Amino acid sequence: DENEANKRWELLADYFDPTLLHNRISNDLALELGQTETAHTQPVDLYYDGEYRGTYLLAEKVEVGTGRVETTDYEDILEALNEADGVDITTLPQTRSETVSGMTLYATEGVEDGGETNLGGYLIEMNSKHYQGCQSYFTLSSGEMFVVRNPEYASVNMVTYLSGLFEELDTTLRNYGVSPDTGESWTELFDVDSMVPYYWVFELAKCDAAWDHQSFFVLPPGGGKLRMGPVWDFDKGYYTVTL
């Protein structure tokens, strides 16, 4: 497929899944339910150096791009803004700051962002276990950790903006879906339709250990409603791991 040319792929070992079927079934189900950005997968036998190395699941990487997560690539925008000043953003240092609720955030110091926070689309991952080593991430007052996957080298202004948005949504959901500050429903912040396939895949996959999963979100350019991103990571589903 020409849309997949020069894109990155991942080999999943499905370590906790003795059937090697959980991720394949769950991703295919999400695709059938209309979540078109879900990764396509294919079981493969891996050989290198002339030796058989095992059976893996070859999966599309969750990333912004044609044929993957369809949104305006914020990394391209930031690179263009900074290259105009002769700056390579990958060489800029990471800095620590605080969210509006006083929690920790990490971003990139000195990034030229045009004074804006929503010129492009964001790809955000909820992952409280594997955020170490990431360039841009923030913590909610509830303790949940979120990593900004695109753009990777986000400015302090951008990560502060995202942390405030997610804090507001988290507070709203914990208050029975109504914001205690504005009285608005959670549906004013969240794309409800995007949640339907996500919910049913997790429900049918019996992911009792959903706390240990990676969940993705997409915020479109212009600051529209947040939508659930592609489903991912089901080797602990189907009652393989229970709380």
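Above this text sits the structure in question.
Here the structure is a predicted model, which means the values were calculated and not measured.

(A) Layout of the packing of aromatic side chains. For the structure shown, the criterion picks out 15 aromatic pairs. Ring geometry for Tyr-15 and Phe-16: centres 5.1 Å apart, planes at 85°, overall edge-to-face. A relative accessible area of 37% means that Phe-16 is categorised as partly exposed. Summarising the aromatic geometry, the rings of Phe-166 and Phe-217 are spaced 5.6 Å apart at their centres and angled 85° between planes, so their arrangement reads as edge-to-face. Taken as a pair, Phe-166 in helix H3 (residues 156-174) and Phe-217 in strand S9 (residues 215-219) lie far apart in primary sequence, 51 residues in all.

(B) Fine view of unusual backbone geometry. That bond from Asn-150 to Pro-151 is cis: its omega, 0°, falls within 30 degrees of zero. Position of Pro-151 among the secondary structure elements: in the loop between strand S8 (145-150) and H3. Even without being glycine, Asp-14 reaches a positive phi, approximately 50°. For Asp-14, a relative accessible area of 6% puts it in the buried group. Positive phi, close to 55°, is recorded for Asp-49, a residue that is not glycine. Its location among the elements puts Asp-49 in the loop between strand S2 (41-48) and strand S3 (51-60).

(C) Layout of the sheet that holds S3. In space, the 3 strands of this open sheet follow the order S1-S3-S2, with antiparallel pairing throughout. The sheet is open, and its two edges are formed by strand S1 (9-12) and S2, each paired on a single side. With strand direction ignored, the average angle separating the axes of adjacent strands in the sheet is 40°.

(D) How the structure looks around the side chain of Glu-37. Position of Glu-37 relative to the elements: it lies in the loop between helix H1 (22-32) and S2. Of note is the side chain of Glu-37, whose polar atom sits 2.8 Å from the backbone nitrogen of Glu-70. Not counting chain neighbours up to four residues away, the residues in contact with Glu-37 comprise Arg-68, Val-69, Glu-70, Arg-227 and Pro-230.

(E) Expanded view of the nonpolar core. Ranked by size, the top nonpolar core spans 36 residues in total, and within it Tyr-122, Phe-138, Phe-146, Phe-166 and Phe-217 carry the most contacts. Elements with a minimum of two residues in this core: helix H2 (74-83), strand S5 (104-108), strand S6 (122-126), S8, H3, helix H4 (192-204) and S9. In terms of residues, this core owes the most to one element, H3, which gives 6 residues. Core analysis: the second largest hydrophobic core is formed by 11 residues, Ala-39, Leu-57, Val-64 and Trp-232 among them.

(F) Fine view of the pattern of salt bridges. Applying the stated criterion across every chain yields a total of 8 salt bridges. Of the charged contacts in the structure, one is a salt bridge between Glu-60 and Arg-68, with a shortest N-O distance of 3.8 Å. In this structure Arg-68 comes out as buried when scored by relative accessible area, which is 3%. Across the pair Arg-68 and Glu-63 runs a salt bridge, and its minimum N-O distance is 2.9 Å. Summarising the burial analysis for this pair, Arg-68 and Glu-63 share the class buried. Salt bridges sharing partners connect three or more residues here, namely Arg-8, Glu-60, Glu-63 and Arg-68.

(G) Inspection of the environment of Leu-31 at higher detail. Residue position: Leu-31 is located in helix H1. Taking C-alpha positions, Leu-31 is 29 Å from Ile-77, a pair spaced 46 residues apart along the chain. Those residues in contact with Leu-31 that sit more than four places away from it in its chain are Thr-36, Thr-38, Ala-39 and His-40.

(H) Layout of the pairing of S3. As judged from the 4 bridges shared by S1 and S3, these two strands associate in the antiparallel manner. Note that in S3 the partner of Leu-11 across the bridge is Leu-58. Direction of pairing for S2 relative to S3: antiparallel, over a ladder of 8 bridges. When the bridges of S3 are listed, Thr-41 appears paired with Ala-59.

Here is what the cut-offs are and how they apply
- Residues numbered from 1 in each chain as written.
- Predicted model: local features only at pLDDT ≥ 70, side-chain atom pairs only at ≥ 80, totals over all residues.
- Heavy atoms only, no water.
- Phe/Tyr/Trp six-rings, centres within 6.5 Å; stacked < 30°, edge-to-face > 60°.
- Buried < 20%, exposed > 50% of the residue type's maximum accessible area, 1.4 Å probe, protein only.
- Helix = DSSP H or I, 4+ residues; strand = E, 2+ residues; numbered from the N terminus.
- Pairing = 2+ DSSP bridges.
- Axes fitted to C-alpha atoms, helices over the stretch in contact; angles between N-to-C directions.
- Polar contact = N/O pair within 3.5 Å; in protein donor to acceptor, adjacent residues only side chain to side chain.
- Contact = heavy atoms within 4.5 Å.
- Core = buried A, V, L, I, M, F, W, Y, C linked by side-chain atoms within 4.5 Å.
- Salt bridge = Lys/Arg side-chain N within 4 Å of Asp/Glu carboxyl O.

Read these as layout, nothing more, since geometry by itself doesn't imply function.
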